Amino acid sequence: MTRNFSFILLLLFSTAIAADEVGVVSFVQGKNFLSGPRFKNAKETVRLGSVLKKGDTITSEDGSCEIQLATQATIRLSKFSSVKIDELLNPKTKSTTLNLVSGKLFVKAHKPEGGAPSQTGLSVVNPSFVAGVRGTEFLVSTPNQGGEDEELKDVETGVYVNEGTVAVSPDKKGKQTLVAENEEVVLSGKQLKKQILDEFVKEKMRIFEQFKAIKEENYQRIKEQYEKNDQIMNDYKGQG
């Protein structure tokens, strides 16, 4: 198990990126992999400080990891889960869209300082529903692939809210169901069923107490250093 944000600055030369907003792996345990069009190998091992961009997919096998998505949110994948970043703070819409391919995803959306309303949107999509939030803590569950997290195997497909409110709909254009703190919505057939949050799931969501966000100034420093590294690499290739 590894959690030490000071290590991140030592890993700046591991991956070169462009000027887009990025996700930074801030905690890693066990086997986790990155994949996507920009990677040479089919699977790249996730390390502390690994960077994620739009179009990347991160998959946990017998492990778990946390990723800070810019300064907007921190997410945690449970074992045998996979999520693709469809959008990461889109410059026009200021929105982030995560595609939960399989498994369980804990999401903690960061609140702006001073309690002001968030100006950014975050959505988690999968074949069963769309969950949209603005500043909250919640768990999204879909069927696992390739294995089962024994601690969460009894959590049904659905959305479970620990704090704040989540708008859940069958698809992007469907009627929204507002799911508030200590409520859940589960998939019953093809319908979404809202009910009181299950005590078992509520206990599992105590994991949010362990989440620690990278400070904005540290995130910006990491991002700027990666951009400089990317420019240096491009200049070097040009000279070659």
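Residues numbered from 1 in each chain as written. Predicted model: local features only at pLDDT ≥ 70, side-chain atom pairs only at ≥ 80, totals over all residues. Heavy atoms only, no water.

Q: Just give me the short version of the overall build of the chain, but keep the residues and values in it.
A: Scanning the chain from terminus to terminus reveals two helices and 16 strands. Looking at the chain residue by residue over its 240 residues, the buried ones come to 46%. Residue pairs at least 24 apart in sequence account for 59% of intrachain contacts in the chain once pairs closer than 6 positions are excluded. When the accessible surface of the chain is split by element, carbon and sulfur atoms take 48% of a total near 12600 Å². (Helix = DSSP H or I, 4+ residues; strand = E, 2+ residues; numbered from the N terminus. Buried < 20%, exposed > 50% of the residue type's maximum accessible area, 1.4 Å probe, protein only. Contact = heavy atoms within 4.5 Å. Areas by Shrake-Rupley, 256 points an atom, 1.4 Å probe, with all protein chains shown as cover.)

Q: Summarise the nonpolar core; cite the residues concerned and give the values.
A: One finds Ile58, Ile67, Ile75, Leu105, Val124, Phe138 and Val159 to be the most contacted residues of the largest nonpolar core, which totals 33 residues. At four residues, the largest contribution of residues to this core is made by strand E4 (residues 57–69). Leave out the neighbours within four places in its chain, and Leu105 touches Ile75, Arg76, Leu77, Val83, Leu98, Leu100, Val124, Phe138, Leu139 and Val140. Grouped together as the second largest cluster of nonpolar side chains are twelve residues, Val155, Leu197, Phe208 and Phe211 included. (Core = buried A, V, L, I, M, F, W, Y, C linked by side-chain atoms within 4.5 Å.)

Q: Got a sec to walk through the packing of aromatic side chains? Specific residues and values, please.
A: The geometry of two aromatic rings is summed up by the distance between their centres and the angle between their planes. Within this structure, the stated rule accounts for two aromatic pairs. Geometrically, the ring pair formed by Phe106 and Phe208 is edge-to-face, given 5.8 Å between the ring centres and 75° between the ring planes. Of the two residues, Phe106 is situated in strand E8 (residues 104–109) and Phe208 in the loop between helix H1 (199–204) and helix H2 (216–239); the sequence distance between them amounts to 102 residues. Summarising the burial analysis for this pair, Phe106 and Phe208 share the class buried. By way of ring pairs, the aromatic residues Phe106, Phe208 and Phe211 are connected into one cluster. Positioned over the ring face of Phe33 is Lys43, at 4.2 Å from the centre of the ring. (Phe/Tyr/Trp six-rings, centres within 6.5 Å; stacked < 30°, edge-to-face > 60°. Lys NZ or Arg CZ within 6 Å of the ring centre and 35° of its normal.)

Q: If you had to explain unusual backbone geometry to someone new, which residues and values would you point to?
A: Backbone geometry places Phe80, a non-glycine residue, at a positive phi of 55°. Looking at where Phe80 falls in the secondary structure, it is placed in the loop between strand E5 (73–77) and strand E6 (81–87). A residue is classified by how much of its surface remains accessible, and Phe80, at 18% relative accessible area, is buried. Even without glycine at this site, Lys94 takes up a positive phi of about 60°. In this structure, Lys94 sits in the loop between E6 and strand E7 (95–102).

Q: Kindly report on the pattern of salt bridges, identifying the contributing residues and their values.
A: Oppositely charged side chains may form a pair once their charged atoms are brought near each other. Following the criterion strictly, the structure yields ten salt bridges and no others. The salt bridge partner of Lys194 is Glu183, with a shortest N-O separation of 3.8 Å. Of this pair, Lys194 sits in strand E16 (residues 191–196) while Glu183 sits in strand E15 (residues 183–188), and the two are eleven residues apart along the sequence. (Salt bridge = Lys/Arg side-chain N within 4 Å of Asp/Glu carboxyl O.)

Nothing here speaks to function; it is all geometry.
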